[in-house]
Amino acid sequence: MDKASTDIVFASMVSKILLILASTILQGVEGAIGVNYGTVANNLPPPAQVAHFLLESTTINRVRLFDANPDILQAFAHTGIEVTITVPNDQIPHLTNLSFAQQWVKTNVESYIPATDLVRVLVGNEVVSSANKQLIVSLVPAMQTLHSALVAASLERSIKVSTPHSLGILSSSSPPSTGKFRQGYDTHVLKPLLTFLRATNAPFMVNPYPFFGCSSDTLDYALFRPNPGVLDENTKLLYTNMLDAQLDAVFSALKLLGFDDIEIVIAETGWPSEGDSSQVGVSPDSAADYNANLVRHVMSGNGTPLMPNRTFETYIFALFNENLKPGPTCERNFGLFRPDMTPVYDVGILRPTARSSIPTNRGPDASPGPGTPPISSSPLPREKGKQWCVPKAGADPDALQRNIDYVCGLGLSCGPIQEGGPCFMPNTVGAHAAYSMNLFYQVMGRHDYDCDFDQTGSITDVDPSYGGCVY
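If you're wondering where the values come from, they're calculated on a predicted model, not measured in any experiment.

## A word on the side chain of Thr269
Then, in step 1: Mapped onto the elements of the fold, Thr269 is located in strand β12 (residues 264–269).
Then, in step 2: Take Thr269: its relative accessible area is 0%, and that puts it in the buried class.
Then, in step 3: Of note is the side chain of Thr269, whose polar atom sits 2.6 Å from the side chain of Tyr290.
Then, in step 4: If we skip the residues at most four places from it in the chain, Thr269 touches Pro208, Tyr209, Pro210, Tyr290, Asn291, Leu294, Thr314, Tyr315, Ile316 and Phe317.

Shown next, in the form of structure tokens:
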């Protein structure tokens, strides 16, 4: 084989490898976002209908249940959707008995596998911050006994045991570097619990809610919107969103006890779309901003200031609005979907057939501005048979910036539009959006819906490349 032929084969192999890597990245984005499936309502669709909807219409492929509802477990059989079930708090003391634990596993686990993909059993929810001494004392023994029951059934490798915590387990969380667990609980409950999690390779699960920790002054900080940030004076690290600060406070507390190697999973987080008038930042727009930004952020690979270069398995709260939940109005309005399975707002989890997998542009149409890309000014000659994706004329610059953040957050190569790159100039949102949107369009297979970007993208057969910037 001559050198020219060798170069062609090598280039083809590299191209295929890059496409495989890109595909892997995108699959990882879908794979790590789950949803909490609560059922405190009298108007929800049948579980089989819900399972079919999640499988066919959304990119969600993992759910967390707050019990072990047999109808739901049966409904998710043969879907491939990973399911986490929960032992209710009131059953925790009973679970310390091995025979009870073995019967619970037989009834709620073995009866449904392998058809239903059960991956985790949670022992209670927010037990340590419940102030119920009997539950707190029984928690770790119950987890150990349940694990023993799984071992007896040869299921300990595929099904892990953990328990979610509220941030009430922290006595200090601000600044994040000072995070530590409440005295007494740290050594008597959490240290044995963490020792168990490490030994069984199970994650530490937390329920961070920036919604409950924000005020009118910190709303943008809580919603991942542009803000000045908050500096941790101890580490000199700048925090640009509240979730990172909450996660790093948990990490600091884990590190203080010597368990900073344990994986952190976000078991619950969300934002209500409706609430009482006294509550700050409650609206469909705020909820959409939080959850859409949450998905992009936790899967971007950026991590947090203290935990850089990592992603977080995350479960959004919640799948549906639940009309029978007690408490303030917001408690009944955390759902991504209404009971008829129409979205309350779009966060990019609907499949492309619904043209909803791209960040939503809820802003008004804007007139052409400095974001106009160099498409019509100096196009290169047409390349027969090829098409490109570029922003529509007059597209809202804020929407285009979200498109850039989304595409680059997936891990695709946005180096050419970074400073010093061949496509950095002109340094405008529109020009950078043109490059990143086309990058996504090409990698995903050049389908029309890959250039939708909530109706801000347009397909053209005129090559937008210019100078050394090749699209």
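## Comments concerning the environment of Gly34
Then, in step 1: Its location among the elements puts Gly34 in strand β1 (residues 33–37).
Then, in step 2: On the basis of relative accessible area, Gly34 is assigned to the buried category, the value being 0%.
Then, in step 3: Contact partners of Gly34, with chain neighbours within four places excluded, come to Ile60, Arg62, Thr314, Tyr315 and Ile316.

## Comments concerning the state of the cysteines
Then, in step 1: In the structure shown here, the tally under the stated rule is three disulfides.
Then, in step 2: Disulfide pairing is shown between Cys408 and Cys414; the S-S distance is 2.0 Å. Residues Cys408 and Cys414 share a disulfide whose torsion about the S-S bond is about -100°; that sign makes it left-handed.
Then, in step 3: Residue Cys408 is classed as partly exposed on the basis of its relative accessible area of 26%.
Then, in step 4: Counting its disulfide-bonded cysteines in sequence order, the protein chain shows a connectivity of 1-5, 2-3, 4-6.

## Thoughts on helix α12 (residues 397–409)
Residues lying three or four places apart along an α-helix face the same way, a consequence of the helix completing one turn every 3.6 residues.
Then, in step 1: Over its 13 residues, α12 extends 18 Å from the first C-alpha to the last, a length consistent with the 18 Å expected when each residue adds 1.5 Å.
Then, in step 2: Where α12 is buried, its residues contact α11 (284–298), β14 (388–391) and α13 (429–443).
Then, in step 3: By the N-cap criterion, in which a side-chain oxygen at the helix start approaches the backbone nitrogen of a residue two or three places on, α12 is capped by Asp396, the distance to Asp398 being 3.1 Å.

About the cut-offs
Residues numbered from 1 in each chain as written. Predicted model: local features only at pLDDT ≥ 70, side-chain atom pairs only at ≥ 80, totals over all residues. Heavy atoms only, no water. Helix = DSSP H or I, 4+ residues; strand = E, 2+ residues; numbered from the N terminus. Buried < 20%, exposed > 50% of the residue type's maximum accessible area, 1.4 Å probe, protein only. Polar contact = N/O pair within 3.5 Å; in protein donor to acceptor, adjacent residues only side chain to side chain. Contact = heavy atoms within 4.5 Å. Disulfide = S-S within 2.5 Å. Expected span 1.5 Å × (residues − 1).

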